[in-house]
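Observations on chain architecture
Residues per chain, in single letters:
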Amino acid sequence: MISKHAVVEATDIGRDVTVGEFAVVRAGVKLGDGVVVHPHAVIESGVELGEGVEVFPGAYVGKEPKGAGALTRRPVFERRVKIGAGTSIGPGVIVYYDVEIGENSLIGDAASVREKCRIGSRTVVGRHVTLNYAVTVGDNTKIMDHSWLAGNMSIGSNVFISGGVLTSNDNAMGRHGFTDAEMRGPTIEDGALIGVGAMLLPGVKIGAGAVIGAGAVVTRDVPEGMVVMGLPARTVRPVTSDEG
């Protein structure tokens, strides 16, 4: 059912689609079967929503990144978004252009997903999480509330990132301007576990299956299958069978 109070310019609309009051669906949007767009959501041109995708009130899918003269990094992007079947986009979520999200994933309330992000299937991005530009996230990964993931970083599959985790991609804190090759966030390999409030500095590599203790400040690479803790973080022991 499409509300008479919605603005629906799209023509590629599947069966059993619902668009609520005051939602906006622009020309060039593709809505798969069973899609639900709740009231006051905005779906811009070039967005493809797979079968059964649900977009909750106040979400904005297909935002154009603009620096407004304030950014040293010039945004480069394609005007497209692809969201896989069964995925849920929570209230107040902002999904920028040039984003792909896999099937059966959840993007929590008021999360922000910047351009060139790639998110896998069956992945959870918690409430108020920010994925800055060009973040890749694998399958079956969970990123808990209020975490901030820096641009140009990679997160594997089956990773758990606790709430309030912070990352960085620039040791100079913007003093030398922007160079894409030098602005590199952390790499978190498959199966790693990141404790609440941990901080990961630019370019560090968290090995597969490693465990980062709560509040740790990681300034160097963490070997595969090891536990690190402290400020700065230091290796304390291998991961046990209970932790792995």
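Below: a short report on this structure.

What counts and how
Residues numbered from 1 in each chain as written. Predicted model: local features only at pLDDT ≥ 70, side-chain atom pairs only at ≥ 80, totals over all residues. Heavy atoms only, no water. Helix = DSSP H or I, 4+ residues; strand = E, 2+ residues; numbered from the N terminus. Rg over C-alpha atoms; globule rule 2.2 N^0.38 Å. Contact = heavy atoms within 4.5 Å. Lys, Arg positive; Asp, Glu negative; His and termini not counted. Charge placed at Lys NZ, Arg CZ, Asp CG, Glu CD. Pairing = 2+ DSSP bridges. Salt bridge = Lys/Arg side-chain N within 4 Å of Asp/Glu carboxyl O. Buried < 20%, exposed > 50% of the residue type's maximum accessible area, 1.4 Å probe, protein only. Polar contact = N/O pair within 3.5 Å; in protein donor to acceptor, adjacent residues only side chain to side chain. Core = buried A, V, L, I, M, F, W, Y, C linked by side-chain atoms within 4.5 Å.

Overview of the overall build of the protein
Assigned secondary structure in the protein consists of zero helices and 33 strands. What you see for the protein is a C-alpha radius of gyration of 19 Å, in line with the 18 Å of a compact globule of 244 residues. With respect to the three principal axes, the spread of C-alpha positions in the protein is 60 × 45 × 20 Å. Across the protein, contacts joining residues at least 24 apart in sequence account for 22% of those joining residues at least 6 apart. A gap of 5 Å separates the mean positions of the 23 positive and 27 negative side-chain charges of the protein.

Some remarks on the pairing of strand β10 (residues 60-63)
With two bridges joining them, strand β7 (residues 42-43) and β10 adopt parallel strand pairing. Each residue of the ladder has a partner; that of V42, found in β10, is Y60. Relative to strand β13 (residues 94-96), β10 runs parallel, the two sharing three bridges. Following the sheet pairing, K63 is matched in β13 by Y96.

Details of the pattern of salt bridges
Taken as a whole and assessed by the stated rule, the structure comprises eleven salt bridges. Residues R118 and D98 are paired through a salt bridge, measuring 2.9 Å at the closest nitrogen-oxygen approach. Here D98 lies in the loop between β13 and β14 (99-101) and R118 lies in strand β17 (residues 118-119), a separation of 20 residues in the sequence. A relative accessible area of 25% means that R118 is categorised as partly exposed.

With respect to the environment of L201
Within the fold, L201 resides in the loop between β28 (199-200) and β29 (205-206). According to the relative accessible area criterion, L201 is partly exposed, its value standing at 28%. Taking the C-alpha atoms as reference, L201 lies 17 Å from V227; in sequence the two are 26 residues apart. Apart from the residues lying within four places of it in its own chain, the contact partners of L201 are S168, P186, V218 and T219.

Here we look at the sheet that holds strand β30 (residues 211-212)
Pairing within the open sheet is mixed, and its twelve strands lie in the order β3-β6-β9-β12-β15-β18-β21-β24-β27-β30-β32-β33. With partners counted over all chains shown, the strands left at the sheet margins are β3 (18-19) and β33 (233-238), one partner each. Bridge count between strand β6 (residues 36-37) and strand β9 (residues 54-55): two bridges; the pairing is parallel. Bridged to V37 within β9 is V55.

Looking at unusual backbone geometry
For the bond running from L231 to P232, omega is -5 degrees, close enough to zero to count as cis. Within the secondary structure, P232 sits in the loop between β32 (226-230) and β33.

Some thoughts on the sheet that holds strand β5 (residues 30-31)
Taken in spatial order, the ten strands of this open sheet run β2-β5-β8-β11-β14-β17-β20-β23-β26-β29, and their pairing is parallel. The open sheet has two edge strands with one neighbour each: β2 (12-13) and β29. Note: β2 against β5, two bridges, orientation parallel. Counted as the bridge partner of D12 is K30 from β5.

What to know about the side chain of N169
Its place among the elements puts N169 in the loop between β25 (166-167) and β26 (187-188). Of the polar contacts made by the side chain of N169, one reaches the side chain of Y133; its length is 3.3 Å.

Some details on the nonpolar core
Membership of the largest hydrophobic core comes to 57 residues, with the highest contact counts inside it found for L49, I155, I188 and I206. Going through the elements one at a time, β8 (47-49), β11 (81-83), β14, β20 (135-137) and β23 (153-155) are the ones with two or more residues in this core. Setting aside anything within four residues of it in sequence, one finds I155 in contact with V135, T136, V137, G138, T141, I143, L149, I161 and I188.

Thoughts on the environment of S147
The residue S147 is located in the loop between β21 (142-143) and β22 (148-149) in this model. Taking the C-alpha atoms as reference points, S147 and G197, separated by 50 residues in sequence, lie 8.4 Å from one another. For S147, the side chain forms a polar contact with the main-chain oxygen of S162, separated by 2.9 Å.

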